[in-house]
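What follows is the residue order along each chain.
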Protein chains: 2
Amino acid sequence: MGLRLWRWAMMVALASAPLGAARADDGYDLWLRYRPVAAPARAALAAQARSLVIPGRSATLDAAAAELRRGLGGMAGVAPPAAATLAPGAILLARPAEARRLGVAVADAPELGREGFRLRGMAWRGGRITLVLANSDLGLLYGAFRLLERIEAGERPDRIDFATAPHLALRMLDHWDNLDGGVERGYAGHSIWDWWHLPDRADPRYTDYARANASIGINGTVLNNVNASAESLSPRYIAKAAALADIFRPYGIKVYLSARFSAPIELGGLKTADPLDPGVRAWWRAKADEIYRAIPDFGGFLVKANSEGQPGPQDYHRSHAEGAAALADAVRPHGGVILYRAFVYAHDNPEDRAKQAYDDFKPLDGRFADNVIVQVKNGPIDFQPREPFHPLFGAMLRTPLMMEVQITKEYLGFATHLVYLGPLFEEVLRSDTSGAGGPSVAQVLERGAGRPGLGGMAGVANIGDDRNWSGSIFDQANWFAFGRLAWDPEASSEAIAREWTAISFTPDPRFVTPVVAMMMGSREAAVNYMTPLGLAHQMATGHHYGPGPWVHDLARPEWNPTYYARADADGIGFDRTATGSNAIAQYAPDLARRLADPRTTPEALLLWFHHLPWSYRLADGETLWEGLVRHYDRGVASVAAMRRQWAALAPYVDPERFALTETYLAIQQREAQWWRDASIAYWRSVSHRPLPANVAPPAHDLDYYESLRFPYAPGHI
Amino acid sequence: MGLRLWRWAMMVALASAPLGAARADDGYDLWLRYRPVAAPARAALAAQARSLVIPGRSATLDAAAAELRRGLGGMAGVAPPAAATLAPGAILLARPAEARRLGVAVADAPELGREGFRLRGMAWRGGRITLVLANSDLGLLYGAFRLLERIEAGERPDRIDFATAPHLALRMLDHWDNLDGGVERGYAGHSIWDWWHLPDRADPRYTDYARANASIGINGTVLNNVNASAESLSPRYIAKAAALADIFRPYGIKVYLSARFSAPIELGGLKTADPLDPGVRAWWRAKADEIYRAIPDFGGFLVKANSEGQPGPQDYHRSHAEGAAALADAVRPHGGVILYRAFVYAHDNPEDRAKQAYDDFKPLDGRFADNVIVQVKNGPIDFQPREPFHPLFGAMLRTPLMMEVQITKEYLGFATHLVYLGPLFEEVLRSDTSGAGGPSVAQVLERGAGRPGLGGMAGVANIGDDRNWSGSIFDQANWFAFGRLAWDPEASSEAIAREWTAISFTPDPRFVTPVVAMMMGSREAAVNYMTPLGLAHQMATGHHYGPGPWVHDLARPEWNPTYYARADADGIGFDRTATGSNAIAQYAPDLARRLADPRTTPEALLLWFHHLPWSYRLADGETLWEGLVRHYDRGVASVAAMRRQWAALAPYVDPERFALTETYLAIQQREAQWWRDASIAYWRSVSHRPLPANVAPPAHDLDYYESLRFPYAPGHI
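Residues numbered from 1 in each chain as written. Chains lettered and ligands numbered in written order. Predicted model: local features only at pLDDT ≥ 70, side-chain atom pairs only at ≥ 80, totals over all residues. Heavy atoms only, no water.

Description of the overall build of chain A
Looking only at helices and strands, chain A has 22 helices and 16 strands in total. In terms of overall size, chain A behaves like a compact globule, its C-alpha atoms giving a radius of gyration of 26 Å where 717 residues would be expected to give roughly 27 Å. In terms of overall dimensions, chain A has C-alpha extents of about 80 × 70 × 50 Å along its principal axes. Per-residue burial for chain A yields a buried fraction of 65% across its 717 residues. Contacts in chain A between residues far apart in sequence, at least 24 positions, make up 73% of those at least 6 positions apart. On chain A, roughly 24000 Å² of surface is accessible, and the fraction owed to carbon and sulfur atoms is 53%. (Helix = DSSP H or I, 4+ residues; strand = E, 2+ residues; numbered from the N terminus. Rg over C-alpha atoms; globule rule 2.2 N^0.38 Å. Buried < 20%, exposed > 50% of the residue type's maximum accessible area, 1.4 Å probe, protein only. Contact = heavy atoms within 4.5 Å. Areas by Shrake-Rupley, 256 points an atom, 1.4 Å probe, with all protein chains shown as cover.)

Here's the deal with the UniProt feature "domain: Glycosyl hydrolase family 67 catalytic" (unreviewed entry) in chain A
Within the UniProt annotation, "domain: Glycosyl hydrolase family 67 catalytic" (unreviewed entry) is assigned to residues 152-469 of chain A. Taken end to end, residues 152-469 of chain A is 26% helix and 14% strand, and its first and last C-alpha atoms sit 21 Å apart. (UniProt positions renumbered as here; feature names shortened; annotations may be inferred.)

Looking at the interface of chain A and chain B
Residue-level contacts link 35 residues of chain A with 35 residues of chain B. Interface area, chain A with chain B, both sides summed: about 3000 Å², of which 55% is carbon and sulfur. At the boundary of chain A and chain B, one finds 2 salt bridges. There are 5 residue pairs in polar contact (both at pLDDT 80 or more) connecting chain A and chain B. Those elements that provide at least two residues to the side of chain A that touches chain B are α7 (235-248) and α21 (655-687) of chain A. (Buried area = accessible area lost by both parts, 1.4 Å probe. Salt bridge = Lys/Arg side-chain N within 4 Å of Asp/Glu carboxyl O. Polar contact = N/O pair within 3.5 Å; in protein donor to acceptor, adjacent residues only side chain to side chain.)

Some points on the nonpolar core
Counting residues in each nonpolar core, the largest one holds 201 residues, and the members touching the most others are A:W31, A:F248, A:W284, A:F301, A:F368 and A:W646. Composition of this core by domain shows at least three residues from each of domain 1 (3-164) and domain 2 (170-504) of chain A. In this structure A:W284 touches A:L233, A:A259, A:R260, A:F261, A:A263, A:P264, A:F301, A:A326, A:L327 and A:A330, once residues within four positions along its chain are discounted. B:A49, B:A63, B:A259 and B:A486 belong to the second largest nonpolar core, which has 199 residues in total. (Core = buried A, V, L, I, M, F, W, Y, C linked by side-chain atoms within 4.5 Å. Domains from an automatic or database assignment.)

Description of the pairing of strand β3 (residues 90-94) of chain B
Residue and element names in this part refer to chain B. Within β3, 5 of the 5 residues are buried, which leaves the element mostly enclosed by the surrounding structure. Of the strand pairs in this sheet, strand β1 (residues 51-53) and β3 are connected by 3 bridges, and their pairing is parallel. Paired with L52 across the two strands is I91, which belongs to β3. Direction of pairing for β3 relative to strand β5 (residues 127-134): parallel, over a ladder of 4 bridges. Its bridge partner being in β5, L93 is matched across the sheet by V132. (Pairing = 2+ DSSP bridges.)

So, helix α3 (residues 59-76) of chain A
Residues and elements named next belong to chain A. Counted at 1.5 Å a residue, the expected span for α3 with its 18 residues is 26 Å, and the 25 Å between its end C-alpha atoms agrees. Every buried residue of α3 is accounted for by T60, L61, A63, A64, A65, E67, L68, G71, L72, M75 and A76. G77 sits one or two residues past α3 and shows a positive phi near 70 degrees. (Expected span 1.5 Å × (residues − 1).)

Details of the side chain of B:S687
Relative to the helices and strands, B:S687 resides in helix α21 (residues 655-687). In contact with B:S687, not counting residues within four places along its chain, are B:D568, B:A569, B:W614 and B:W625.

Some thoughts on helix α15 (residues 493-504) of chain A
Residue and element names in this part refer to chain A. Spanning 12 residues, α15 covers 16 Å between terminal C-alpha atoms, matching the ideal 16 Å at 1.5 Å per step. Burial of α15 is extensive: 9 of the 12 residues sit out of reach of the surface. Those residues of α15 that fall on the buried side of the exposure criterion are S493, I496, A497, E499, W500, T501, A502, I503 and S504. Two or three places before E494, at the start of α15, stands the capping residue S492, its side-chain oxygen 3.2 Å from that residue's backbone nitrogen.

Focus on unusual backbone geometry
The step from A:L198 to A:P199 runs through a cis peptide bond, and the omega angle for that step is 0 degrees. Locating A:P199 in the fold gives a position in the loop between β7 (170-174) and α6 (204-215). The omega torsion across A:G438 and A:P439 is 0 degrees, close enough to zero to call that bond cis. Among the secondary structure elements, A:P439 is positioned in the loop between α12 (422-429) and α13 (441-447). The backbone of A:L30 shows a phi angle near 55 degrees, a positive value even though the residue is not glycine. With respect to the helices and strands, the residue A:L30 is situated in the loop between α1 (3-15) and α2 (39-47). Non-glycine residue B:F383 carries a positive phi angle of around 55 degrees.

In structure tokens:
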């Protein structure tokens, strides 16, 4: 059966799913659905799943075998028995030497590294076998997951030929989960960590979390919020974290904890948290020893210091490098690392907020301890719908860097807006840090400043205890895409969208093609209806729900949207050239030169770098005012089109996931309109310009939009 | 097939459930499980489910038909078609006149009232039919649920003959759910109300909530916490409540809201909330009109006023009756009621806290508006493991009363202690309010002060967004038992336990008998290891997790456990006789006379009413000190026995529900020991008495127990 027929068979299976299935499809299974394949393809699949041959035994290999049985049981109704020798129809999970011992002619595969794998259907004694080849148990587990995904996507296992290895060593989720169950910037319910009942209760969901992450190559998880409670490091909570680590270990996922810099005071009763104080250093060493006794493969600490009110080394007039070193020394004997966040801006710093991280960290390049990784957000502000790449990626060449992105959509419509973040991640990863042909941000991460074992990506998780994990079905794609891009930051976000859609719904191109088109356009749509042309941080205060471009009265200037847009009767935008904050000087000279001139600045970032008159002419000849309004309208129209498109796809989706998405698209359309109307109402009030011809006026006056209050908006802890 | 064989067939079905069932049994289905019946019984059941005959059509009848199809589909694999005429094997849902029109000889059934029903298997043309008879669509829905439950319990539908009608008109759940998703005293996760996505999103869980409640006869739900936010009454939140009401309506469940007494100020911008102020009265009328436009069958308001810091009429020197009247007048034109809580104690009242509700409300008896129901907690303090019945039940004869009980286990070990509350509810319902042969509390509620349409019970829900709804499997039984007892407050809690166990697990008596024994003993076990012999409120401060008998330094005397136990070197207990607070005078004379003497006071309430020397001789000859210690030991031993018992029942339970219960019993045993050890350590420190012979000393010294801190204990909002 050719690929085309096989895919067709899959579709039939979907359409004819038994009505008797009692459970609605609530999205809990994520992309690991393993629904039955239709009859003809099922027989073909079953014929290639007659036995599992796995030389060796470990918790990780057991997990691989269990996953293969679960997947093949679901898709083909078979439970392939374990076998010691190969026969046609076998699935073999082996290292090269093990495969050769069984008579399979394969060469060593150093190119797969410790975590990569190869999937290969091969002839065997008149039939075919499917080989999963890797150099470690974890590589074999990753391969098992990918094999099942490829089958779900409509491929035949015995014809597969595919190899991949991760480009980044650290592929991590950061949970901003508090010990009371709240999730800062979480839009998918509350924390999945049931801290109260840990370590006694091993919620089956923890295993499913590990399965989902292993399936996309995530290998680290920071359990608690960067705005950390010292209590997370108490003996009681270490025991709880250890219980999770025990569950995650077979899936190759290491546990990390956010460390509150002042924990030596709060938890240890010391008088200081000065990182040069011998008592403080001893406290951290003892604490690390205690943690490693409970969690021998503990990953290390994530630290947010001297930012947004958090304690840090600067409280004691020490540098971030000195602060990081105290913790780095504590975990080094155990092989741990420190993930030290570069997201700093100080209450008393009058400098352009976009410049402060660079100002603080660039001088420290090369001065961090050898097990410290500086974790830099993708852009210089804070996870906006669009930002330029963070200048530290081009400037901190002697320090291993992690890139931190938000998978949760704090500034991108929460869980109810369909915004696929793959293009956002891809845009920054492909950015040319030199402006002269590389390296790209992805390459900077891959190089790890010469220590590639320390390069990585961290995604602020969008996971909560909602049944569907991510708050919406399409937000599952953002978790998935993050994992795939952390594995290979040079991958195509469109290819990833295609893969996710096929395995999460159906490989039918009549569904995949339009859905991928929706997804690929969705981020630009959000940029257009929220913050077009390089605007940023126009969200309402605190919860960041909806528009608030008029807000100007918060205590610190950089808390106000007006700080970022700088709109008045004459024009709009933040001058970050030499006549303004000169933030462009933090970029490489070739790039800075282009950014100095609005004509050579990408129009998508125009107002990020330039303050321009309303009458400024855009590339297409429209004035800036006209173009701005047009972008908002384009964003609203895109959402309307997505909604129509989805409505036409009902035949391909189960009713529950269809309805949830339909409901949320309706909310998104309403809110896109609100963003557009409120923003235009405000810009009009400052520009004193008439609306361009044929443009609909806002539905309400500006007072109305300014009056809206949302005291229980989610995610605002 | 006789009843015995049928039951045996059910068991076989359980034991041989297909291994391929992908989903673990997470308890989401509650007692509405509808798992397949084994083959021989399945055929017999299918033969009695050949068609559904339902004259008439309504959303409620549609729900009944859907439930029957779901249940029979699950148990017998059939989908009985709708039919217009009767044939053998039919299930008929009909009013008496409708049944007669179809040729079934039944008399009118006024004894069923508006909500009761009869289930009857009858001969029909050489075969048998199953009749569900009622006088309303809702009665038929209730009957459909009960029919399915009886089948789950192992009965044959065609042999059934059963009739019941509710004794109380108002059978309500009170959700102490906040708009931010927190649940005050909730131990089952967070609120199931996804306020943020309402009214757009109709979470399928809302329908399952309605199904579960309708299946046990609950007909009202207060959506928000009695410690209410005024925002609940804003237009945005009224629309959200209306969306829930629309979902609940077919299931006969009315929506109520807790009203913050000061809402006219906070929401309406008025200067006062004085209930005699014309502007305030007009505001409440307009607000009620607004709500009824959105929710035509809105139930009314629940009010907590002048208690624990809440605003109320006394802020304006008005009585509770005057306060209630302002709201009562607003909802009366629409048929609404006011549920006015008698749970009051004031910061500045030096009187015994147990007396304050009576002092405030007894003088108002007969002075409340005709659509006001006073909602009285089961006991005079606050949902303790054991309290005497509230004296208002014997004293407020001209006012309809609701009894409020806690289904959530604030003071009974949260969700991890297996404590079946049926016996607690039954104990208070059966209490003789006169001390001279009745009426019982149940009868007081049933009489409704001559307006039986206003009698009722309210249970503070134990429902959260945990997958199993109630935090543990056995806490589902407390929800179930509350519903059954609100339907018939004279029912047997043991019979209810038997029914719940049979339909939630298996009717196999080898399982049911020991489990019911565990359940029936579990409440007394908790009393013994927490607060034996009439002690109360010895829980740690705020979160009420674990013991805190030593706490004495809180701002108000009645916040301290020492206030309630009054232990010193001489003795222990609260003197509520004439030599003390004389709270006994709030009870009927015959009862008060007996309570005046420790010898005629039930030993289970001894220290509630009397302060006695440590050397006081209990009925069995032990000293009070020896008896106290013995009770703690007995409590711990009971839990150990429950745990052993459960371990032996593994063959009868699916692995996931078995494991969760096993884990929680281990926690319960550890915490029972902690309660016992900490309590004895403290009592010993004040009594200066040696431990009785053969009694194990506490595992730690008192300092250790006093040092324990639980900053993230659940339920403490």
